[in-house]
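# Residue-level structural notes
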Amino acid sequence: MDKDKTFYIVICVALFIMTLTMIIPILNIVAISFSSPEKLSEVTGLTVLPKGFSIINYKVLLSNPKILKSLFNAVFITVVATTINLLLTSIAAYVLTRPKLKGKRIFMGIMILVMVMEPGIVPEYLVMKQIGLIGSYWSVILYKAVNVYYLIILMRFFEDVPQSLVEAAEVDGVGHITILFKIFLPLAKPAMATIGLFYAVFHWNEYFRASIYLDQAQWPLQVILRQFVVLNDTTSLVGANSLLTYNEAAQLNYDALQAGTIVIAIVPILMLYPLILKYYTKGTMEGGVKG
Amino acid sequence: MSEIKVTQKKVFFKKLKWDKHYWKNNWILYLLLLPTLIFFATFHIMPILKMRLAFEDFRIIGANEWVGLKYFKMLFASPAFLSVLKNTAIISTMKLVLLMPVPILLSLILNELKTGKYRKYVQSVIYLPHFLSWVVIAGIWISLLSFNGGVNQMMGFFNMPSIDYMTSKTHIRWILLFSEMWRSAGWDSIIYIAALMKINPALYEAARIDGATKLQQIKFITLPELIPTIITVFILNLGFFMSAGFDQVFNLMNDSVISVIDILDTYVYRIGLVGGQYSFSIAASLFKGVIGIVLIFSTHYVAKRISGKGLW
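The structure presented is a predicted model; accordingly, all values stated were derived computationally and were not measured. (Residues numbered from 1 in each chain as written. Chains lettered and ligands numbered in written order. Predicted model: local features only at pLDDT ≥ 70, side-chain atom pairs only at ≥ 80, totals over all residues. Heavy atoms only, no water.)

## A look at the overall build of chain B
For chain B, the count of helices and strands is 15 helices and two strands. Across its three principal directions, the C-alpha atoms of chain B cover 70 × 55 × 40 Å. For chain B, the residues scored as buried account for 46% of the 312 residues in total. By sequence separation, contacts in chain B at least 24 residues apart represent 64% of the contacts at least 6 residues apart. For chain B, the accessible surface area stands at approximately 16800 Å², while carbon and sulfur atoms represent 68% of it. (Helix = DSSP H or I, 4+ residues; strand = E, 2+ residues; numbered from the N terminus. Buried < 20%, exposed > 50% of the residue type's maximum accessible area, 1.4 Å probe, protein only. Contact = heavy atoms within 4.5 Å. Areas by Shrake-Rupley, 256 points an atom, 1.4 Å probe, with all protein chains shown as cover.)

## A short note on the interface of chain A and chain B
Opposite the 82 residues of chain A that make contact, chain B presents 81 residues. Each partner contributes to the roughly 7500 Å² buried at the junction of chain A and chain B, and carbon and sulfur atoms together form 80% of this total. The interface formed by chain A and chain B includes zero salt bridges. Here chain A and chain B share 17 residue pairs in polar contact (both at pLDDT 80 or more) between them. (Buried area = accessible area lost by both parts, 1.4 Å probe. Salt bridge = Lys/Arg side-chain N within 4 Å of Asp/Glu carboxyl O. Polar contact = N/O pair within 3.5 Å; in protein donor to acceptor, adjacent residues only side chain to side chain.)

## Focus: helix α9 (residues 176–187) of chain A
The terminal C-alpha atoms of α9 of chain A, which comprises twelve residues, lie 16 Å apart, in line with the 16 Å expected from a rise of 1.5 Å per residue. Inspection of α9 of chain A places H176, I179, L180, I183, F184 and L185 of chain A among the buried residues, and these make up the whole buried set. Those residues of α9 of chain A that are buried are in contact with α3 (65–96), α7 (148–159), α8 (163–171) and α10 (189–205) of chain A together with α2 (20–50) of chain B. (Expected span 1.5 Å × (residues − 1).)

## Looking at the pattern of salt bridges
Residue and element names in this part refer to chain B. Tallied over the entire structure, the rule returns nine salt bridges over all chains. When the shortest N-O distance is used, the salt bridge between E56 and R52 registers 2.8 Å. By relative accessible area, E56 is classed as buried at 6%. Among the salt bridges present, the one from E65 reaches R59, with a minimum N-O distance of 2.9 Å. Judged by its relative accessible area of 35%, R59 is partly exposed.

## What about the domain arrangement of chain B?
All names here are of chain B. Examined at the domain level, chain B breaks down into domain 1 (2–66) and domain 2 (78–133 + 183–307). Each of domain 1 and domain 2 has a C-alpha centre, and these two points are 34 Å apart. At the interface, eight residues of domain 1 touch six residues of domain 2. Of the roughly 550 Å² buried where domain 1 meets domain 2, counting both sides, 81% is carbon and sulfur surface. There are zero salt bridges connecting domain 1 and domain 2. On inspection of domain 1 and its partner domain 2, the count reaches two residue pairs in polar contact (both at pLDDT 80 or more). Considered class by class, the residues forming the side of domain 1 that touches domain 2 number five nonpolar, no polar and three charged. (Domains from an automatic or database assignment. Nonpolar A, V, L, I, M, F, W, Y, C, P; charged D, E, K, R; others polar.)

## Some points on the domain arrangement of chain A
Accessible area lost when the parts come together is the quantity often used to give the size of an interface. All names here are of chain A. Split into domains, chain A comes out as domain 1 (1–54) and domain 2 (55–287). Taken together, the contacts link ten residues of domain 1 with 13 residues of domain 2. Of the roughly 880 Å² buried at the junction of domain 1 and domain 2 (both faces included), carbon and sulfur atoms supply 76%. In this assembly, domain 1 and domain 2 are joined by zero salt bridges.

## Here we look at unusual backbone geometry
Residues and elements named next belong to chain B. Its identity is not glycine, yet N159 carries a phi of approximately 65°, on the positive side. Residue classification places N159 among the exposed residues on the basis of a relative accessible area of 73%. Even without glycine at this site, A244 takes up a positive phi of about 60°. Along the chain, the position of A244 falls in the loop between α11 (214–239) and α12 (246–252). Since its relative accessible area comes to 5%, A244 is described here as buried.

## Concerning the packing of aromatic side chains
Going through the model one piece at a time under the given rule, you end up with 38 aromatic pairs over all chains. For the pair F76 of chain B and F81 of chain B, a centre-to-centre distance of 5.5 Å together with 90° between the ring planes defines the contact as edge-to-face. Owing to a relative accessible area of 40%, F76 of chain B belongs among the partly exposed residues under this scheme. Feature note: the residues Y150, F198, Y199 and Y273 of chain A together with Y127, F131 and W187 of chain B constitute an aromatic cluster, connected by ring pairs. Positioned above the aromatic ring of Y94 of chain A is the side chain of R98 of chain A, whose terminal nitrogen or guanidinium carbon lies 4.3 Å from the ring centre. Across the ring face of Y22 of chain B, the terminal group of K102 of chain A is positioned such that the distance to the ring centre comes to 4.2 Å. (Phe/Tyr/Trp six-rings, centres within 6.5 Å; stacked < 30°, edge-to-face > 60°. Lys NZ or Arg CZ within 6 Å of the ring centre and 35° of its normal.)

## Examining the side chain of T42 of chain B
Its place among the elements puts T42 of chain B in helix α2. Given a relative accessible area of 16%, T42 of chain B falls into the buried group. At 2.6 Å, the side chain of T42 of chain B and the backbone oxygen of I38 of chain B are in polar contact. Ignoring any residue separated from it by four or fewer positions in sequence, one finds T42 of chain B in contact with V127 and I131 of chain A together with P47 of chain B.

## Comments concerning the environment of R52 of chain B
Looking at the element boundaries, R52 of chain B is found in the loop between α2 and β1 (56–57). Between the alpha carbons of R52 of chain B and L286 of chain B there is a distance of 9.3 Å; along the sequence they are 234 residues apart.

## What about helix α5 (residues 121–130) of chain A?
In an α-helix, one full turn covers 3.6 residues, which means residues spaced three or four apart are oriented alike. By the criterion of burial, α5 of chain A is predominantly enclosed, with eight of the ten residues buried. Residues of α5 of chain A that are buried: I121, V122, P123, E124, Y125, L126, V127 and M128 of chain A. On its buried face, α5 of chain A is in contact with α6 (137–142) and α11 (208–213) of chain A together with α2, α14 (264–274) and α15 (278–307) of chain B. G132 of chain A sits one or two positions beyond α5 of chain A and adopts a positive phi of about 75°.

Right, dumping it as structure tokens:
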């Protein structure tokens, strides 16, 4: 009995240390971004609470038109793209789960084939150029308009909708579109929420295609973040203006500004995360589907 | 055989054509599906068709010229490509061998944890990194591994010298391994946890009555039940063998370490999009795609031969 208890405690401690390796680096970035500039030298890599408190970094970052614009771009792309994703995916899932649909196997075959074959970035870029979407928001909004994995997940939910409901509606002479929006979508709310959240996270985190297809003024936050934090391109981001305005009041510190930008990029994810836990993890635990 | 197929086809077309009632009621379904089909045609099928450029010389004006296997021959004569191929294989093998057991182990440990607040806390934390972009994770890790970062401070605590990890050729591949583990181990354990929850508790009950120890229970009940899931994950991972994680490498790469972590996808991006050598880079992508498909199918058949269970 005692041996089991020791074993249990060892497990708990090991898992706790594991969670610390994830929490501490994130809190550390938050702490750096909120510390007051004169106390920044006291902040170590293991600090989890800000030394002193100052929002100067956020003032500098959010007064920068480039960052504001990129935040706007990111929100715009995420909202529009996710809406289109949900609309197209739910419509396709509805059509493909109609028991009487002819040609279903052909459609599914095309989609599975498309899922397995990855042409790579160069042919994709050439097509984008050919259809004239380079330099347009539509390039990043449309290029992943329907994700086959999510489509299949949604189809499984739609298959569970009782056929009697649909037949009753059909007898009343209700059309397909009304049946989809009035019967299926309300019943499949958790599934729609799940794939909606996944689409949203995907678009918020997208940086690669955006940096290729979009003009600089259209770049979302992740591209700017990459320039600033990964490529260490500080000059273009912190303009001369903010240097003049803020440098007298406090020493500007690039590490702290980078930390602030990372925090801005994480906040929306942290806001969606409880919802993801609520809908997805629950669904997976019951259904055993991996996304 | 073929006659049957022909008649099947005839019947199929007959059904499509003659069922006036069906079409009157259901044409709208096809209209509804049309945007999705156009999307697939534009963003998936057109790029796949574009891959024929691997066999052609690209011309800005006029038709492209068919050159056969010229670019594939160039590819295999190129030392840069071979070195990239080697890096891809090394990084993928490291991830496959060393990272695959981690989520399995994690799910076994989590399974021992009683359901309650603590388990909820652990699960909520370990899934989180999966939702951060590689740009963000690279930002966090670069700061963590910098000369004055957390890791070096901890090393200093044990009187170890500071190392600039991100530019160290000996460390960078291990950084790829650990950052991948940091991001995905928790999330990847979900599929195993789901499989563990389906095991009949009566099996453990019976084993306990027979006096089996915890380790014996894991060895004789849990692991055999997990094997189909493990095989599925293994085959799928092998399908990504040639990818080796583009976003990760792309964001953790710098000039000092490019020679040891430049992988196929980063190479294709640099040569193709930055360098403008379309045919050459598409030839590399095509090679990658073919190997990926071969790997998936061959492991599927081997797994099916050995264990009776494959991907489908």
